[in-house]
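What the coordinates show
If you want the building blocks of each chain, they are given just below.
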Amino acid sequence: MDPPGGRDERRRQAERLRREEAYYHFINELSEEEYRLMRDSNLLGTPGEVTAEELRQRLDGAKEQVSAQRAPSRALRAATQERKKAAAGLQRLAPRRPTETRCSSG
């Protein structure tokens, strides 16, 4: 016969073990880049205390942040390239001044 609360304790332990296994399975399936992102962002949490679904949500959120941070820099690079192209086009269209030639007298 189970001691009082023994069945509940076993159920909690079994649930925690299931979450730990899911945690490690999730971590093992990550690419190296995804793992570094989660580790560096301190999103890994504690095995058994965080679910694989919570980890997935954290990873997706971190990826969205990185993407949002990169988008402005991409736009800036594209704008800079466009300005350079425009400047080069204007230089081609600008009338050329004849260059002065100096004659040496002597």
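Presented here is an overview of the structure given in this document. (Residues numbered from 1 in each chain as written. Predicted model: local features only at pLDDT ≥ 70, side-chain atom pairs only at ≥ 80, totals over all residues. Heavy atoms only, no water.)

1. What to know about the overall build of the protein chain
- A tally of regular secondary structure across the protein chain gives 3 helices and 0 strands.
- Helices and strands in the protein chain line up, N terminus first, as α-α-α.
- By residue count, 14% of the 106 residues in the protein chain fall in the buried class.
- At a minimum sequence separation of 6, the contacts of the protein chain that also span at least 24 residues come to 50%.
- With an accessible surface of roughly 9,200 Å², the protein chain has 50% of that area assigned to carbon and sulfur atoms. (Helix = DSSP H or I, 4+ residues; strand = E, 2+ residues; numbered from the N terminus. Buried < 20%, exposed > 50% of the residue type's maximum accessible area, 1.4 Å probe, protein only. Contact = heavy atoms within 4.5 Å. Areas by Shrake-Rupley, 256 points an atom, 1.4 Å probe, with all protein chains shown as cover.)

2. Some thoughts on unusual backbone geometry
- With phi around 55°, Asn-42 is a residue other than glycine that occupies positive phi space.
- You can see Asn-42 is positioned in the loop between α2 (32–40) and α3 (52–93).
- Under the relative-accessibility criterion, Asn-42 is labelled exposed at 68%.

3. Details of the pattern of salt bridges
- Counting across every chain of the model gives 9 salt bridges.
- Of the charged contacts, one joins Arg-18 and Glu-15 as a salt bridge, the two residues approaching to 2.5 Å between their closest N and O atoms. Of the two residues, Arg-18 and Glu-15 both sit in helix α1 (residues 6–29), 3 residues apart, roughly one turn of that helix.
- Taking the relative accessible area as the measure of exposure, Glu-15 reaches 30% and is therefore partly exposed.
- In this structure, Arg-39 and Asp-40 form a salt bridge, with 3.0 Å as the shortest nitrogen-oxygen distance.
- Residue classification places Asp-40 among the exposed residues on the basis of a relative accessible area of 56%. (Salt bridge = Lys/Arg side-chain N within 4 Å of Asp/Glu carboxyl O.)

4. Let's talk about the nonpolar core
- Tyr-23, Phe-26, Ile-27, Leu-30, Met-38, Leu-43, Leu-44, Val-50, Leu-55, Leu-59 and Ala-62 together form the largest nonpolar core, which totals 11 residues.
- Every element with two or more residues in this core is listed here: α1 and α3.
- When residues no more than four places from it in sequence are discounted, the contact partners of Leu-30 are Tyr-35, Met-38 and Leu-59. (Core = buried A, V, L, I, M, F, W, Y, C linked by side-chain atoms within 4.5 Å.)

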